[in-house]
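Summary of structural features
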Amino acid sequence: MIKQLNLSVHDVVDLVLRKGSLDTRVFNQSSMAEGTRLHSVFQKGQNSNYIAEYPLNAYIDVDDYVFYLNGRADGVIHQEDIWIIDEIKTTVEKIELFHLENEEWHLGQAIFYAYMLSLEKTLDKVYVRLTYIHQKSEEENQIFEKAYTFAELETYVFDVLRSYIEYVKKIEARIKDRNESISNFDFPYEQMRSGQDEMIKFASDIVASNSVGYVEAPTGIGKTSSALFPYIKSLVQPGKEKIFYLTSKNSIKESVFKLLYYMIAKGLKVTSVFLTSKDTLCINDKKRHCNPDECPFAVGYYDKVNKVIFQELENREIFTQGDILAIAKEYNICPFEFQLDLSMYVDIVVGDYNYVFDPTASLIRYFEDGFKKPYLLLVDEAHNLPSRTREMYSAELSIFDFLKLKKEMPNINSRKIKSLTNKLIDYFKDYECSSDHVELECVPDDLEDMLSEFLERAKTVIKDFPKEVNDTFLDVYFKVNSFLNLPQEDTDNFAYYFVASEGKALSIKITCLDSRRYIRRQTAMFSSALFFSATLSPHNFYIDLLGGNDESNTLYLPSPFALENRLVMVDGNISTFYKDRERSLKEIAKLIVEVVKQKVGNYFVFFPSYEYMEKCYSLFEYTTSIDILTQNRNMDNYERSNFLSSFKENPKKTTVGFIIMGGIFSEGIDLLSDRLIGAIIIGVCLPKISYENDLIKKHEGLEDSDVGFNYAYVYPGFNRVLQAAGRVIRSEKDKGVIVLVDSRFRTSKYKELYENIWPDAIEVNSASEAGEYTSQFWEEKK
Ligand code: SF4
């Protein structure tokens, strides 16, 4: 049977012809951006015979395959009966060397275009030209020009396509096997949980209709399997090639791993890779020095990687961080780049949001052409995506970066970079600021010029003196690079300002005020997307921030656990406004005692700040009947798990954890059964009043200032309340008490928010009343 493959010329030549070493001094985002600019300058400088960005496509029959190839030649020159394909390459490396190292790859691309042009125009002969431009000197060099007959072109193209077919056959065999296993695969658990069937049905409809959906699925529904199962089932359909499962939490990656492992054990044959950051994966002594002169794992990377990928795909289905590292060490290849290249051939890519949503994303290879892809997107804990995306589109440069660089300047003989560093330090020092934040319309031109020059010079240093470059230099280089590479076109979507102290500028910031458009833009690249979280409340707020609207497909599921297993109380008599905190401490302490004394067990009390928490703790210092453990600043993983291990099952003594709202214990903590039987939440958890949050408030509140305040403060704060409260009931066996404490819970705005979630919440007016309800609740649960 003849099979059709729709591919770009890049797809084919990159796989078959790319050879050599990894070298980020030559291939990096900034050199690519500069390359695009120089392409365009060169093309504009040509005469009228030169047709820039010439689109080409062709059907090519080779053996049992029809290739539908498409691409864009950088230039086609037509003069009388002479036709020339011009392939432009720019580099920071010496042109001759660059050409030598990449000749086969570059020439191959040009020959493909020449062949496609000869088919389109029925030509017997086409010339091929490689134009090299140096990025610093802008020197041009037409290093190669040769005529090819149609027969020569065809022989070459067919040979390359036959090599490609060898890879295709391997992929096809695996996909055939995979699809059979998917078709025979049923939901892997014997029983569906309450709400799970609804979520599976919803996700199946979303993926089948190539649309976007939003799901709020409270803890206990099994949202990972409810999302992943229908999306995996859909992989057998045409136009659905790969799933990207994104999450910001390691605990969720762990659940995805366990689920895939379980499904594979039950016969499913899907492959997956779990992506890890470069800093974590790098195994070179000089981290991030990704070039063949300094990293043995970069040497000959492209000569080896394809063989390793296809060989390893025969050995295993799941590639974890440990697997990636082991394979990289065995074959002497860079683990970071290997996992990204491997991701092209697996069915499920699991990673952080940034792999898809960051403008400098490592997986940019999937999306750089801006076209919709046959890929499926699953975003877990989606309530975190808007703020994370905002951060990805924000940047800051501080005088301290350059002062540190000056102190730790590499031992290089570059007077220019030293003098630029001094100039940048002076720029901050001399910039007179009349307030602590000085708003700008954009990055000042003179500063931008200096930074651009710094970046260019830094690139030269990295290229010419790689062994001298230290981590501080690389850090500043990457920071300047990110700062200059933020989108230039959306200035209304960003705030630009100096942060100052005592009239002197300390840093310059670019703050993204609204991530909707970037979330929407990336989502549009996928044929289907599902955003889900245990708490997407308030609904309209999150759907809007995630790029949806009133018409969006939504599913809001109730908690699957019995309502009578939890008691929710709201104490609106205690003010937690900053000015009232001293006064309210005793009342809070009394409330805590009244609630926890009703039943021996483990409780969390969530505070809005360390200061407030510590003051409250001092009131309990001499109490002996309750153990109080406090969250410390900067707890590491070991201290964190030690802290949690104090909350044991079947406790004989009451233990209360004093926790910071929105911190490491507020999300993703599963203390099942009686490891946690109560949460007292002090305050409405507004994010800190800050200049940045006020900017968001202003931006969102252009039409209605109340909306701005809600978006910047109230709703994100209320989501933290929900996250904290959500720690208590994690399974059908869990029982517990939730108390919200703040006078603002009496206002209609907050009432509406919490009554939507807990319509049965009881308002209490004193600590003793809360104690009575709690006692009654536990009495009934005996
Ligand atoms: S091992 Fe580290 S330094 Fe070497 S190429 Fe990979 S990421 Fe770069």
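What counts and what doesn't
- Residues numbered from 1 in each chain as written.
- Predicted model: local features only at pLDDT ≥ 70, side-chain atom pairs only at ≥ 80, totals over all residues.
- Heavy atoms only, no water.
- Helix = DSSP H or I, 4+ residues; strand = E, 2+ residues; numbered from the N terminus.
- Rg over C-alpha atoms; globule rule 2.2 N^0.38 Å.
- Buried < 20%, exposed > 50% of the residue type's maximum accessible area, 1.4 Å probe, protein only.
- Near = heavy atom within 4 Å.
- Nonpolar A, V, L, I, M, F, W, Y, C, P; charged D, E, K, R; others polar.
- Polar contact = N/O pair within 3.5 Å; in protein donor to acceptor, adjacent residues only side chain to side chain.
- Pairing = 2+ DSSP bridges.
- Axes fitted to C-alpha atoms, helices over the stretch in contact; angles between N-to-C directions.
- Contact = heavy atoms within 4.5 Å.
- Disulfide = S-S within 2.5 Å.
- Core = buried A, V, L, I, M, F, W, Y, C linked by side-chain atoms within 4.5 Å.
- Phe/Tyr/Trp six-rings, centres within 6.5 Å; stacked < 30°, edge-to-face > 60°.
- Lys NZ or Arg CZ within 6 Å of the ring centre and 35° of its normal.
- Domains from an automatic or database assignment.
- Buried area = accessible area lost by both parts, 1.4 Å probe.
- Salt bridge = Lys/Arg side-chain N within 4 Å of Asp/Glu carboxyl O.

**Focus on the overall build of the protein**
Scanning the protein from N- to C-terminus turns up 27 helices and 25 strands. Radius of gyration (C-alpha) of the protein: 30 Å, near the 28 Å computed for a compact globule of 782 residues. For the protein, the spread of C-alpha atoms along the principal axes amounts to about 95 × 70 × 50 Å. For the protein, with 782 residues in total, the buried portion stands at 55%.

**Focus: the site of the ligand**
The environment of the ligand is formed by Leu 22, Lys 278, Cys 282, Ile 283, Asn 284, Lys 286, Arg 288, His 289, Cys 290, Cys 295 and Cys 334. When grouped by side-chain class, the residues that make up the shell around the ligand number six nonpolar, two polar and three charged.

**Quick notes on the environment of Lys 653**
By secondary structure assignment, the location of Lys 653 is in the loop between helix H23 (637–645) and strand S22 (654–660). You can call Lys 653 partly exposed: its relative accessible area is 35%. Each C-alpha atom of the pair Lys 653 and Arg 675 lies 12 Å from the other, and the pair is 22 residues apart in sequence. Here Asp 627 takes part through its side chain, which lies 2.8 Å from a polar atom of the side chain of Lys 653.

**Brief notes about the sheet that holds strand S19 (residues 566–571)**
If you trace the seven strands from one edge of the open sheet to the other, you get S21-S22-S20-S23-S24-S19-S25, paired in parallel fashion. Each having just a single partner strand, strand S21 (626–630) and strand S25 (762–764) make up the two edges of the open sheet. Neighbour-to-neighbour, the strand axes of the sheet open up by a mean angle of 20 degrees, direction not taken into account. Note: S19 against strand S24 (residues 736–741), six bridges, orientation parallel. For Asp 571, the partnering residue across the bridge sits in S24 and is Val 741. Of the strands in this sheet, S19, strand S20 (602–607), S24 and S25 touch helix H27 (residues 767–781), which is tilted by about 175 degrees from S19.

**Remarks on the state of the cysteines**
Counting across every chain of the model gives zero disulfides. Sulfur of Cys 433: no disulfide; nearest cysteine sulfur belongs to Cys 442 and is 16 Å away. Judged by its relative accessible area of 10%, Cys 433 is buried.

**Examining the pairing of strand S4 (residues 82–91)**
Of all 10 residues making up S4, nine are buried, and the element is well covered by its neighbours. Here five bridges tie strand S3 (residues 65–79) to S4, and the two strands are oriented antiparallel to one another. By the bridge assignment for S4, Gly 75 is matched with Asp 86. Turn length for the S3-S4 hairpin, with the two strands adjacent in sequence and antiparallel, is two residues, and the turn residue Glu 80 shows positive phi of about 50 degrees. Pairing of S4 with strand S5 (residues 125–134), which is carried by eight bridges, proceeds in the parallel orientation. Within S5, the position partnered with Ile 85 by the bridge is Val 128.

**Observations concerning the nonpolar core**
Judged by nonpolar contacts, the single largest core of 183 residues is most densely connected at Phe 67 and Phe 244. Looking at this core element by element, the count peaks at 12 residues for helix H3 (residues 95–121). Aside from chain neighbours lying at most four places away, what touches Phe 67 is Leu 5, Leu 7, Ala 58, Tyr 59, Ile 60, Val 62, Leu 161, Tyr 164 and Ile 165. Leu 228, Met 263, Ile 264 and Leu 378 belong to the second largest nonpolar core, which has 38 residues in total.

**Quick look at the sheet that holds strand S11 (residues 348–351)**
Strands sit in the order S10-S9-S11-S8-S12-S17-S7-S18 across an open sheet of eight strands; the sheet is parallel. Each end of this open sheet is capped by a strand with a single partner; those strands are strand S10 (318–319) and strand S18 (553–556). Taken together, the five bridges between strand S8 (residues 242–246) and strand S12 (residues 373–379) define a ladder with parallel strand orientation. Of the residues in S12, the one forming a bridge with Ile 243 is Leu 376.

**Points about the environment of Ala 173**
Mapped onto the fold, Ala 173 is located in helix H4 (residues 150–183). Sequence-wise, Ala 173 and Asp 61 are 112 residues apart; in three dimensions their C-alpha atoms are separated by 21 Å.

**Description of the packing of aromatic side chains**
All told, the structure shown has 45 aromatic pairs when counted by the stated rule. A centroid spacing of 3.9 Å and a plane angle of 10 degrees characterise the contact between Tyr 393 and Tyr 518, whose relative ring orientation is stacked. Linking Tyr 393 in the loop between helix H14 (385–392) and strand S13 (395–398) with Tyr 518 in helix H19 (residues 516–523), this pair joins segments that are 125 residues apart in sequence. Comparing Tyr 393 with Tyr 518, the two get one shared label, buried. Residues Phe 643 and Phe 665 carry aromatic rings whose centres are separated by 4.6 Å and whose planes lie at 25 degrees to one another, so their mutual orientation is stacked. Remark: Phe 665 occurs in the loop between S22 and strand S23 (678–682) and Phe 643 occurs in helix H23; sequence separation between them is 22 residues. No difference in accessibility class separates Phe 643 from Phe 665, as the two residues are buried. One aromatic cluster in this structure is built from Phe 402, Tyr 427, Phe 428, Tyr 431, Phe 454 and Phe 498. When the ring centre of Tyr 302 is taken as origin, the NZ or CZ atom of Arg 18, which lies over that ring, is 3.9 Å away.

**Quick word on the domain arrangement of the protein**
Along its sequence, the protein is organised into domain 1 (3–167), domain 2 (207–384 + 516–556), domain 3 (394–512) and domain 4 (563–781). The straight-line distance from the C-alpha centre of domain 2 to that of domain 4 is 34 Å. Taken together, the contacts link 15 residues of domain 2 with 13 residues of domain 4. The three residues of domain 2 that bury the most area against domain 4 are Thr 219, Pro 538 and Phe 541, which together make up 40% of that side's buried surface. Put simply, Arg 516 and Glu 700 hold a salt bridge, and the shortest N to O gap is 3.0 Å. At the surface where domain 2 touches domain 4, the tally comes to eight residue pairs in polar contact (both at pLDDT 80 or more). Looking at which element gives the most residues to the side of domain 2 that touches domain 4, the answer is helix H20 (residues 539–545), with five residues. When grouped by side-chain class, the residues that make up the side of domain 2 that touches domain 4 number four nonpolar, seven polar and four charged.

**Side note on unusual backbone geometry**
In this structure, the amide linkage connecting Ser 537 to the following residue, Pro 538, adopts the cis form with an omega of -5 degrees. Along the chain, Pro 538 falls in the loop between strand S17 (526–533) and H20. Phi is positive for Thr 122, which is not a glycine, with a value near 50 degrees.

**Some words on the pattern of salt bridges**
Applying the stated criterion to the full structure yields 37 salt bridges. Taking the shortest distance from any N to any O, the salt bridge between Arg 566 and Asp 760 comes out at 2.9 Å. Of this pair, Arg 566 sits in strand S19 while Asp 760 sits in the loop between helix H26 (748–757) and S25, and the two are 194 residues apart along the sequence. Exposure remark for Arg 566: the relative accessible area of 13% places this residue in the buried category. Salt-bridge contacts for Asp 627 lead to Lys 653; the nearest nitrogen and oxygen are separated by 2.8 Å. Placement of the pair is Asp 627 in strand S21 and Lys 653 in the loop between H23 and S22, with a sequence separation of 26 residues.

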